[in-house]
Amino acid sequence: MRNNSSNSRPRVLSGMRSTGKLHLGNYVGALANWVKLQDDYECFFFVADWHALTTDYADTSRLKENSVEVLLDWLAAGLDPERCTLFVQSHLPQHAELHLLLSMITPLGWLERVPSYKEQRENIKEKDLGTYGFLGYPVLQSADILIYKAHFVPVGEDQVPHVELTREIARRFNTFYGEVFPEPQPLLTPAPKLPGTDGRKMSKSYGNTIMLTDPEPVVRQKLKTMVTDPARVRRTDPGNPDVCPVGDLHKIFSDPETMRKVDAGCRSAGIGCIECKGWVADALANLLNPMQERRRKYEQNPNLAWEIIEAGDATAGAICDATMDEVRRAMNLSRDYEPTTKPVGAQ
Ligand code: SF4
């Protein structure tokens, strides 16, 4: 089994749907971890525009723009094209070919039991998800991973079943056609609880996000209206940062000294919520201002970002080609033809 790697570091593959500008939840849940992984792994990160189509297929008018926004936020957050490969999924049709071939060997029952399939069909009522593409998106994910022979896939706990499915598909392929694919392992990403401004999970569909591109005054304004510990009705009531969404933000973004002041001040009613929210706003400004500064460089020259993608497409494409060559040979689908028996009449 060749791994197509000229790099001695273990290979990591991950993608993010092209849903437009990213929010703090996307940063904390995945992107911050990706930035760290760049130094220890050979990282491939892709904008998953085909995956976006599995749920948002009816209107593709903003698809490309959304991909660019995601890319700009990645670069702003510190993904460095010198240390990782960034590409767009749809630019590499090899993923689609492998998806097709893997779909031939994937039993329907494996897909129907993927937990997110049922969950999303029950929760997303406003879209018709009774499509072939939606049922099959874990196979596309498997193709995305296996085509790079990735050793690790950074995922949250809820995505582990997808990596397990990829491993099962790899095993089935190898059993039928010979050892081509290594089995990737999940690399668990710690995902601290990140509430939105209304206290629910931060999500664009709840309208409770703080975007990575929100200017500082907007962040401060959003935090002013953020819900707090409901037991703390008056300034003189003591509160509890462990049940307060603002307290959750402090735990992620504030330094230990501020955290101590919040904990003591909140529980003794020594500080007010406005003051406390101001400290979170300071921590977020420290994080977001430099990101926004970096983003501006690419916003002013979008071709710069697109050149990064073109280079990434080329690097990733070379690996895809090598793997697909192996896959086609293993399945007797390669274009070369070597007759195994001599033509009639030959000596
Ligand atoms: S002081 Fe801070 S942690 Fe305590 S309830 Fe107010 S906002 Fe929440």
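For the structure given in this document, a descriptive report is provided here. (Residues numbered from 1 in each chain as written. Predicted model: local features only at pLDDT ≥ 70, side-chain atom pairs only at ≥ 80, totals over all residues. Heavy atoms only, no water.)

Let's talk about the side chain of Thr-54
- Within the secondary structure, Thr-54 sits in helix H2 (residues 49–55).
- Classification of Thr-54 by relative accessible area gives buried; the value is 8%. (Helix = DSSP H or I, 4+ residues; strand = E, 2+ residues; numbered from the N terminus. Buried < 20%, exposed > 50% of the residue type's maximum accessible area, 1.4 Å probe, protein only.)

Considerations on the pattern of salt bridges
- Under the counting rule described, the total for this entry stands at 27 salt bridges.
- Its salt-bridge partner being Asp-73, residue Arg-295 comes within 2.8 Å of it at the nearest N-O pair. Pair noted here: Arg-295 is in helix H13 (residues 273–300) and Asp-73 is in helix H3 (residues 63–77), with a separation of 222 residues, a long-range link.
- A relative accessible area of 3% means that Arg-295 is categorised as buried.
- Residue Arg-329 pairs with Asp-336 through a salt bridge whose shortest N-O separation is 2.9 Å.
- Members of the salt-bridge network, linked through shared partners, are Asp-242, Asp-248, Lys-251, Asp-263 and Arg-267. (Salt bridge = Lys/Arg side-chain N within 4 Å of Asp/Glu carboxyl O.)

Thoughts on the layout of surface pockets
- There is about 370 Å³ of room inside the second largest pocket.
- Lining the second largest pocket are 17 residues; nearest its centre among them are His-99, Tyr-132, Gly-133, Gly-136 and Tyr-137.
- The set of elements that each furnish at least two residues to the lining of the second largest pocket consists of H2, helix H4 (94–105), helix H5 (108–112), helix H7 (132–135) and helix H8 (137–146).
- Considering each element in turn, the lining of the second largest pocket owes the most residues, four residues, to H4.
- Partitioning the lining of the second largest pocket into residue classes produces eleven nonpolar, six polar and no charged. (1 Å grid on protein atoms, 1.4 Å probe; cavity = no way out; pocket = protein on both sides within 12 Å on 5 of 7 lines; lining within 4 Å. Points joined across faces, edges and corners; volume = space filled by probe spheres on them. Nonpolar A, V, L, I, M, F, W, Y, C, P; charged D, E, K, R; others polar.)

So, the pairing of strand S3 (residues 84–88)
- Burial analysis of S3 places five of its five residues in the buried class, the great majority of the element.
- Relative to S3, strand S2 (residues 42–48) runs parallel, the two sharing five bridges. Residue pairing across strands places Phe-45 opposite Leu-86, the latter belonging to S3. (Pairing = 2+ DSSP bridges.)

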